[in-house]
Amino acid sequence: MDTIKRYFELAEERPELFSQSVQIPLVLEEKMMRNFAEETGKKMGMVYDNSPFFYVIADLCRGKKGLFSYARVIYCNARSNGAVAIPRCGDFFGLLSIYRHGPRCESLEFPRGFAESGEFSSGELIQRELSEELGLKKEECLIRKLGNLRADAGLSAGLVQIFLADISPEAKIDLTDEEGIFGFRWVTEETLRSMIADGRITDGFTISSYGMLTCTNL
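As the structure is a computational prediction, the values presented were derived from the model and not from experiment.

Caption draft 1: Structural detail: the overall build of the chain. Along the backbone of the chain there are 5 helices and 10 strands. Dimensions of the chain along its principal axes, counting C-alpha atoms only, are 55 × 35 × 35 Å. With 218 residues in all, the chain has 43% of them scored as buried. Between the mean site of the 26 positive side-chain charges and the mean site of the 33 negative ones, the chain shows a separation of 2 Å.

Caption draft 2: Main features of the nonpolar core. Counting 22 residues, the largest nonpolar core has Phe18, Met33, Met44, Tyr55 and Ile57 as the members making the most contacts within it. Within the residue set of this core, elements represented by two or more residues are helix 1 (3–13), helix 2 (30–40) and strand 2 (54–63). Those residues in contact with Phe18 that lie beyond four places of it in its chain are Tyr7, Leu10, Ala11, Leu26, Leu28, Ile57, Asp59, Arg72 and Arg104. Within the second largest apolar cluster, 19 residues are counted, among which are Leu108, Val160, Ile162 and Val187.

Caption draft 3: Local environment of the pairing of strand 1 (residues 45–50). Here 5 bridges tie strand 1 to strand 2, and the two strands are oriented antiparallel to one another. Among the inter-strand pairings, Asn50 is bridged to a residue of strand 2, identified as Phe54. The loop that links strand 1 with its antiparallel partner strand 2 comprises 3 residues.

Caption draft 4: How the structure looks around the sheet that holds strand 1. Spatially, 3 strands are ordered 1-2-3 in an open sheet, and the strand pairing comes out antiparallel. Two strands close off the open sheet at either side, each with one partner strand: strand 1 and strand 3 (66–75). Taken over all neighbouring pairs, the strand axes of this sheet differ in orientation by 20° on average, direction set aside. Against the sheet, helix 2 makes contact with strand 1, strand 2 and strand 3, and its axis sits at roughly 95° relative to strand 2, the strand it touches most.

Caption draft 5: Here's a closer look at the packing of aromatic side chains. With the rule as written, the count across this model stands at 6 aromatic pairs. Taken together, Tyr7, Phe8 and Phe18 form an aromatic cluster joined through their ring pairs. A cation over a ring is seen here: Arg6 above Tyr55, with NZ or CZ 5.9 Å from the ring centre. Over the ring of Phe18 we find Arg72, and its NZ or CZ is 5.1 Å from the ring centre.

Caption draft 6: A look at helix 5 (residues 204–214). Residues Phe205, Thr206, Ser209, Tyr210, Met212 and Leu213 constitute the buried set of helix 5. For helix 5, the angular spread of buried residues about the axis comes to 155°, placing them on one side.

Caption draft 7: Quick look at the environment of Asp166. Considering the arrangement of structural elements, one finds Asp166 in strand 9 (residues 160–167). Relative accessible area serves as the criterion here: at 16%, Asp166 is assigned to the buried category. Taking the C-alpha atoms as reference points, Asp166 and Phe92, 74 residues apart in sequence, are found 9.9 Å from one another. Filtering out sequence-adjacent residues up to four positions away, Asp166 remains in contact with Arg88, Glu140, Cys141, Leu142 and Arg144. Looking at Asp166, its side chain comes within polar contact range of the side chain of Arg88, at 2.8 Å.

Caption draft 8: Structural context of the pattern of salt bridges. Applying the stated criterion to the full structure yields 14 salt bridges. With a closest N to O distance of 2.8 Å, Asp198 and Arg200 form a salt bridge. A relative accessible area of 48% means that Asp198 is categorised as partly exposed. Judged by its relative accessible area of 46%, Arg200 falls in the partly exposed class. Three or more residues are tied together by salt bridges with common partners; here these are Arg100, Glu109, Arg112 and Asp203.

Here is what the cut-offs are and how they apply
Residues numbered from 1 in each chain as written. Predicted model: local features only at pLDDT ≥ 70, side-chain atom pairs only at ≥ 80, totals over all residues. Heavy atoms only, no water. Helix = DSSP H or I, 4+ residues; strand = E, 2+ residues; numbered from the N terminus. Buried < 20%, exposed > 50% of the residue type's maximum accessible area, 1.4 Å probe, protein only. Lys, Arg positive; Asp, Glu negative; His and termini not counted. Charge placed at Lys NZ, Arg CZ, Asp CG, Glu CD. Core = buried A, V, L, I, M, F, W, Y, C linked by side-chain atoms within 4.5 Å. Contact = heavy atoms within 4.5 Å. Pairing = 2+ DSSP bridges. Axes fitted to C-alpha atoms, helices over the stretch in contact; angles between N-to-C directions. Phe/Tyr/Trp six-rings, centres within 6.5 Å; stacked < 30°, edge-to-face > 60°. Lys NZ or Arg CZ within 6 Å of the ring centre and 35° of its normal. Arc of directions from axis to C-beta. Polar contact = N/O pair within 3.5 Å; in protein donor to acceptor, adjacent residues only side chain to side chain. Salt bridge = Lys/Arg side-chain N within 4 Å of Asp/Glu carboxyl O.

Here you go:
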């Protein structure tokens, strides 16, 4: 199979998955992808076809330091261990605006991240994420664990830890310049619920985490 040719056929079949963005631009030029593959020795395009279940594709993207390969899974019919933080300040909840490469669109989410060695059994991971993504200091956050969830038991056995992070009113949000993140907002719980109900929030981690919080007295 010509993996690069098949990639561009898929791009014509499923254009919504190849939409352009300022945050993570795709290079949708066949010649450039072939040159990149030859120069780097990396497989590009549709590198694995496991239809009728999924494909693994390697996109060519443009970043601040040049071109790079970015792999993702595409499910044919459509659509790790880590932790999620629910930022709360008084009666308000914090949401990141982040561009997600998988669906190629903006997503409103609670902060989350993957676990590093030694972090999964404690709140170290979520404190690191709050520091890296929101610029929050340890003393500005009261972190309490709510429980665990499996994001997709059909895909991964990994448990994701859910934490409530009560943020000091004096804390200042200082967003990271990491690619993909481009906004943060505080919303009331009523607004949060309406955003879930009307589809403005579709992130499964965020919805599941909020659902877990509603089952506690915190």
